[in-house]
Amino acid sequence: MEKGKISSLQMAIMMYPGIVATAILSVPSITAKYAKTDFWLSPILASLIGYMTVYIAYKLHKLYPKQTVIQFSEQIIGRFAGKIIGFLFLVFYIQITGNMLRQYAEFVVDSFLVNTPISLIIALMALLCSFIVRGGLEALGRAAQLFFPIFTLPLLFLIILVFPDFEFKNIFPILGEGMMPPIKGAIVPGGWFTEFFLITFFLPFLTDQKKGMKYGMMTVFVVMMTLVVVNLIVLFILGLATSFKVYPLMSVGRYISLGGFFEHLESAVMAIWVVGAFIKISVFYYGIALGTAQWLNLSDYRPIVWSLGILLVIFSFWSLPSTVELHKYSVGTFPLLGLLIQMIIPLFLLGIAVMRKRKRQGSE
Amino acid sequence: MKNILHILCIFGLILLLSGCWDRVEVNDLAIVTAAAIDIKDDNQIELSLQVFIPKALSTGGGQGGSGQGGGGAATLVRSQRGSNISDALSKLQSKIPRKVFWGQCKVFIFGEKLAKQGIQEHMDFLLRHPQPRERAYLYVSKGNPKDALEVLPPLERYSGEVLRELSDLHIGMQVTMQDVQEGLVGVAQAGAFPFIKILPPGKGEEKLQGIPYIVGTAVFKKDKMVGTMSEKATRGILWLRNEMEAYTVILKPEGVKGEVSLNPVSARIKLIPQIRNDKWKMLVNVDTEGAVVQNGTNLALTSPKSIQTVEKAYQEDIKDRIELAIQQAQHKMKADIIKFSKEFYRKYPKEWKKVENRWDEVFPKVEVEVNVEAHIRRQGYINKPGGLPEKEVKKQ
């Protein structure tokens with residue numbers, strides 16, 4: 001079905017904005033609510049979930065090297081049950097991608113395009129992403145590579161530019177109330193780390209399959225480091241006021257003032273956000289398109305890309321009436337749902353697959 | 001044929017690049033340079049905006065600076081009452097033909113009366129609205145804050161600029177919106193704002209040519225103003241908050257007539273919290289350096305002994321200033337504007353938790369010990385008192 005091949009480095013570059021893009025914007029505020037001044041520790045704890053997810057995805061890939069989760073779930077637990085699991089995955093991914101579209105558009109409308117109808121912003125992004133998904137995996141990989149510097153460099157600049165305003169003492173007290181607050185704070189970013197299961201859609205198409213695991217783990221580490229650094233920047237600038245901001249990194253971007261003339265750099269944050277959201281949505285969109293085609297036993301996924309795009313736009317409205325609900329969903333529902341679908345179900349599949357393999361080997 | 005269609009599509013997309021619905025032209029904007037908020041007798045808010053006039057800039061300064069720059073003001077001031085800021089703003093919009101734009105507004109002034117009734121509701125608007133900046137400076141003015149906007153300063157283009165420049169010089173406290181938010185929601189729950197007054201115009205200047213200037217500090221407990229501090233005490237607070245810059249210290253050394261002035265002065269302050277046997281204590285360690293800028297005594301500052309005399313006076317002076325400031329904050333205002341709470345919270349989070357709710361009572365009881373280490377490093381271009389005959393110089 002997918003004839004393109006990507007390298008494992010390309011996969012890493014696709015997954016990195018795929019996780020970080022939305023996680024750096026609103027998650028620091030949510031984490032800070034629970035972990036107070038220790039919220040920079042939470043991504044480290046949350047990344048454990050990421051390592052486990054990558055491990056599970058890779059082990060499953062090892063057992064069924066040419067297949068994605070939609071296909072091998074049928075082989076592991078039978079055709080009917082497998083289809084149900086596959087359907088669950090697809091609905092989950094369509095729903096969270098709709099969510100990302102909404103989150104992206106809410107941010108754009110909230111801070112810049114106040115009068116523009118949100119449906120237009122969502123529809124344009126969906127349209128753009130469908131182009132790249134139709135272009136295939138190779139096009140997606142190349143695009144991610146191309147945009148990677150645009151995504152990471154502004155982040156580096158941001159660190160340098162706000163450096164003079166850092167109040168390093170904000171980091172104290174470290175673990176003032178024990179380990180519990182950072183653990184509580186880790187639950188929400190943990191949900192983001194489960195999204196690493198998406199590599200199951202890319203692993204079969206790697207040119208260097210053996211490196212898949214290594215690069216997957218590396219991506220988790222780099223994502224963790226990025227989140228820790230972003231959380232520290234936010235902490236050093238905003239301190240205890242972090243949890244009051246909806247978009248803390250944006251507030252930090254606005255705070256820049258270097259030499260009295262280098263100011264108003266929120267557009268740098270915006271650039272990170274738009275490029276990141278574009279890659280993120282495309283990566284998930286691709287997974288959905290490929291998965292749906294496999295689920296329906298189609299010979300190609302390209303014809304259904306447009307219709308799936310419409311579905312994504314609809315889901316971005318249906319699932320959330322307001323930013324309040326969006327926030328509630330990110331805090332309450334998403335981490336648990338993500339953990340269930342992207343870690344516990346795959347773990348369960350892996351358990352059965354390994355047992356079956358042993359049984360088969362035993363009988364031979 | 002297909003290629004032409006593609007090209008047409010691409011050209012069609014150009015139409016979307018203008019930013020659609022949110023296209024804003026600069027000449028449709030009323031750029032606010034400063035805003036003042038006060039409360040009136042009928043409990044209504046009065047919002048005054050100082051709006052920049054682009055026309056005045058091009059005609060006034062362009063023609064080789066003809067005296068008073070054409071005499072026209074670069075800004076206009078409009079005000080309007082309403083039940084809160086957003087209400088007043090929407091009414092005010094009908095008096096201004098362009099759309100009000102907050103993005104460049106770096107000065108917000110609260111009236112004293114409003115500050116005493118609480119600013120939380122108004123801060124909410126400023127923090128929630130996407131346009132006002134986290135780095136905008138906040139002030140409290142004596143009397144009607146609108147007056148501060150209406151004056152036409154001779155040196156700067158408009159009065160908002162005057163206040164901003166003064167704040168950048170660290171003359172008084174430099175307080176941004178971010179600081180206020182952190183102060184109000186953070187552990188201290190107290191804040192300090194620069195307190196401004198109008199400096200009357202000098203002789204020969206026109207009636208409105210006064211400027212607003214910073215005379216001290218308005219002290220806030222939670223979101224309500226509880227009092228003001230004099231300029232002298234403000235200096236002490238600045239020392240404690242490590243915001244000291246551009247400042248002259250005047251000393252009276254013991255045993256000689258006259259004064260010695262030091263400038264520039266640099267200082268490093270360390271606040272070290274201690275809790276021993278349930279007794280809260282704050283060690284304030286000051287390490288300061290200065291250079292002599294004026295010597296009105298007959299001491300030759302070349303000998304170590306005379307330097308020592310001056311350094312001792314220096315040390316005493318700084319100690320007095322800081323103690324005065326602490327005394328005022330702790331006992332007169334009972335508001336923690338020197339951020340002791342933050343230091344305690346950072347070092348003793350567990351003990352802090354216990355007093356968190358009654359910090360108001362604990363704060364005045366915190367024992368303070370001030371240790372000053374003062375040095376004079378340089379003495380300028382002459383090494384003896386200037387203009388004094390050699391034989392009158394006191395040698396030690």
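Rules used throughout
- Residues numbered from 1 in each chain as written.
- Chains lettered and ligands numbered in written order.
- Predicted model: local features only at pLDDT ≥ 70, side-chain atom pairs only at ≥ 80, totals over all residues.
- Helix = DSSP H or I, 4+ residues; strand = E, 2+ residues; numbered from the N terminus.
- Buried ≥ 20, exposed ≤ 12 C-beta atoms within 10 Å, placed from the backbone.
- Rg over C-alpha atoms; globule rule 2.2 N^0.38 Å.
- Contact = placed C-beta atoms within 7 Å.
- Nonpolar A, V, L, I, M, F, W, Y, C, P; charged D, E, K, R; others polar.
- Pairing = 2+ DSSP bridges.
- Domains from an automatic or database assignment.
- Axes fitted to C-alpha atoms, helices over the stretch in contact; angles between N-to-C directions.
- Parallel < 35°, antiparallel > 145°, perpendicular 65-115°, else oblique.
- Left-handed = near helix turned anticlockwise from the far one by under 90°.
- Expected span 1.5 Å × (residues − 1).
- Bend = angle between axes of the 7 residues up to and from the residue.
- pLDDT = per-residue confidence, 0-100.
- Arc of directions from axis to C-beta.
- Core = buried A, V, L, I, M, F, W, Y, C linked by C-beta atoms within 7 Å.

**Some remarks on the overall build of chain B**
The number of helices and strands found in chain B is 13 helices and 13 strands. Dimensions of chain B along its principal axes, counting C-alpha atoms only, are 95 × 60 × 60 Å. Looking at the 396 residues of chain B, the share that counts as buried comes to 37%.

**Focus: the overall build of chain A**
Scanning chain A from N- to C-terminus turns up 13 helices and 2 strands. What you see for chain A is a C-alpha radius of gyration of 20 Å, in line with the 21 Å of a compact globule of 364 residues. Each principal axis of the C-alpha atoms in chain A carries an extent, and together these give about 70 × 45 × 35 Å. Put simply, chain A has 364 residues, and 51% of those count as buried. Put simply, 83% of the contacts in chain A that link residues at least 6 apart link residues at least 24 apart.

**Thoughts on the interface of chain A and chain B**
Note on interface size: it is often stated as the accessible area lost on association of the parts. Every contact between the two is made by 21 residues of chain A and, on the other side, 17 residues of chain B. Elements that contribute at least two residues to the side of chain A that touches chain B include exactly helix 5 (79-111) and helix 10 (248-255) of chain A. Looking at the side of chain A that touches chain B element by element, the count peaks at 3 residues for helix 10 of chain A. Class assignment of the residues belonging to the side of chain A that touches chain B gives a composition of 10 nonpolar, 7 polar and 4 charged.

**Examining the environment of B:Q209**
All names here are of chain B. By the secondary structure assignment, Q209 is in the loop between strand 7 (190-199) and strand 8 (211-221). Distance from Q209 to F11, taken between C-alpha atoms, is 55 Å for residues 198 residues apart in sequence. Among residues more than four places away in sequence, those in contact with Q209 are L152, P153, P154 and P201.

**What to know about the pairing of strand 1 (residues 29-39) of chain B**
Residue and element names in this part refer to chain B. Buried residues dominate strand 1, accounting for 9 of its 11 residues. Alignment of strand 1 against strand 4 (residues 99-101), held across 3 bridges, turns out to be parallel. Note that in strand 4 the partner of A30 across the bridge is V100. In terms of strand pairing, strand 1 meets strand 2 (residues 45-52) through 7 bridges, oriented antiparallel. Paired with A36 across the two strands is S48, which belongs to strand 2. Here strand 1 folds back onto strand 2 in antiparallel fashion, the turn holding 5 residues, of which N43 has a positive phi close to 60°. One ladder, built from 3 bridges, connects strand 1 with strand 5 (residues 107-111); its direction is parallel. Directly across from I37, in strand 5, lies its bridge partner F110.

**Description of the environment of A:P189**
Residues and elements named next belong to chain A. Looking at the secondary structure, you find P189 in helix 8 (residues 180-194). Judged by the 28 C-beta atoms lying within 10 Å of it, P189 is buried. In this structure, the C-alpha to C-alpha distance between P189 and P335, residues 146 residues apart in sequence, is 7.7 Å.

**Some thoughts on the domain arrangement of chain B**
All names here are of chain B. Once the domains are mapped, chain B shows domain 1 (25-59 + 71-229) and domain 2 (230-396). Between the C-alpha centres of domain 1 and domain 2 there is a distance of 32 Å. Taken together, the contact pairs 19 residues of domain 1 with 18 residues of domain 2. Residue assignment for the side of domain 1 that touches domain 2 shows that the elements contributing at least two residues are strand 7, strand 8 and strand 9 (224-229). The element that contributes the greatest number of residues to the side of domain 1 that touches domain 2 is strand 8, accounting for 6 residues. Residue classes in the side of domain 1 that touches domain 2 are distributed as 11 nonpolar, 7 polar and 1 charged.

**Observations concerning the environment of A:D110**
Along the chain, A:D110 falls in helix 5. Measuring from C-alpha to C-alpha, the distance between A:D110 and A:V324 comes to 13 Å, with 214 residues separating the pair along the chain.

**Considerations on the packing of helix 5 of chain A against helix 6 (residues 118-134) of chain A**
All names here are of chain A. Contact pair helix 5 / helix 6: the axes reach a minimum separation of 9 Å and the direction vectors enclose 130°. On the basis of their axis angle, the class for helix 5 and helix 6 is oblique. As for how helix 5 packs across helix 6, the hand of that crossing is right-handed. Between helix 5, through L101, R102, Y104, A105, V108 and V109, and helix 6, the contact on the second element is made entirely by I118, I121, I122, M125 and A126.

**Notes on unusual backbone geometry**
Residue A:F172 is joined to A:P173 through a cis peptide bond whose omega torsion reads -5°. Positive phi, normally seen in glycine, also occurs at B:K334, with a value near 55°. Secondary-structure assignment places B:K334 in the loop between helix 10 (304-333) and helix 11 (340-347). Overall, the presence of 16 C-beta atoms within 10 Å leaves B:K334 in the partly exposed class.

**Quick look at helix 7 (residues 137-162) of chain A**
Residue and element names in this part refer to chain A. Between its first and last C-alpha, helix 7 extends 37 Å over 26 residues, near the 38 Å set by a 1.5 Å rise per residue. The principal kink in helix 7, of about 35°, is found at F147, preceding the proline P149 by one to four residues. Inspection of helix 7 places L137, L140, G141, A144, F151, P154, L155, L158, L161 and V162 among the buried residues, and these make up the whole buried set.

**Structural notes on the confidence of the model for chain B**
Residue and element names in this part refer to chain B. When pLDDT is averaged along chain B, the result is 82; 94% of the residues meet or exceed 70. Predicted confidence is poor over residues 60-71, with pLDDT under 50, and the contacts of this stretch with residues over four places away or in other chains come to 6 contacts. Predicted complex metrics record ipTM = 0.78 and pTM = 0.85.

**A few points about the sheet that holds strand 13 (residues 367-378) of chain B**
Residues and elements named next belong to chain B. Read across the sheet, 4 strands follow the order 10-11-12-13 without closing on themselves; strand pairing throughout is mixed. Pairing within the sheet leaves two strands with one partner each, and these edge strands are strand 10 (249-251) and strand 13. Strand-to-strand twist in this sheet, taken as the mean axis angle between neighbours without regard to direction, amounts to 40°.

**Quick notes on helix 3 (residues 85-92) of chain B**
Residue and element names in this part refer to chain B. Among all positions in helix 3, only I85, A88 and L92 are buried. Looking straight down helix 3, one finds that the buried residues subtend no more than 70° of arc, so they occupy a single side. Buried residues along helix 3 sit against strand 1, strand 2, strand 3 (75-82) and helix 5 (120-128).

**Concerning the pairing of strand 5 of chain B**
The two faces of a sheet get side chains in turn, since along a regular strand they alternate between them. Residue and element names in this part refer to chain B. Burial analysis of strand 5 places 5 of its 5 residues in the buried class, the great majority of the element. What you see with strand 5 is no split at all: V107, I109 and G111 on one side and F108 and F110 on the other are buried throughout. Taken together, the 5 bridges between strand 5 and strand 6 (residues 137-141) define a ladder with parallel strand orientation. Across the sheet, the residue bridging to F110 is V140, located in strand 6.

**Focus on the nonpolar core**
Core analysis: the biggest nonpolar cluster contains 210 residues, and A:I199, A:A289 and B:I237 have the highest contact counts within it. In terms of residue count, the dominant contributor to this core is helix 11 (residues 266-295) of chain A (16 residues).

**Let's talk about the packing of helix 4 (residues 69-77) of chain A against helix 5 of chain A**
For any two helices packed against each other, one specifies the crossing angle of their axes together with the interaxial distance. Residue and element names in this part refer to chain A. Viewed as axis vectors pointing N to C, helix 4 and helix 5 meet at an angle of 150°, and their least axial separation amounts to 7 Å. By the criterion of interaxial angle, the relationship of helix 4 to helix 5 is roughly antiparallel. The element helix 4 and its partner helix 5 pack so that their crossing is right-handed. Of helix 5, the residues touching helix 4 (which contributes V69, I70, S73, E74, I76 and I77) are R79, A81, G82, K83, I85, G86 and F89. Among the residues forming the contact of helix 4 with helix 5, the class breakdown is 7 nonpolar, 3 polar and 3 charged.

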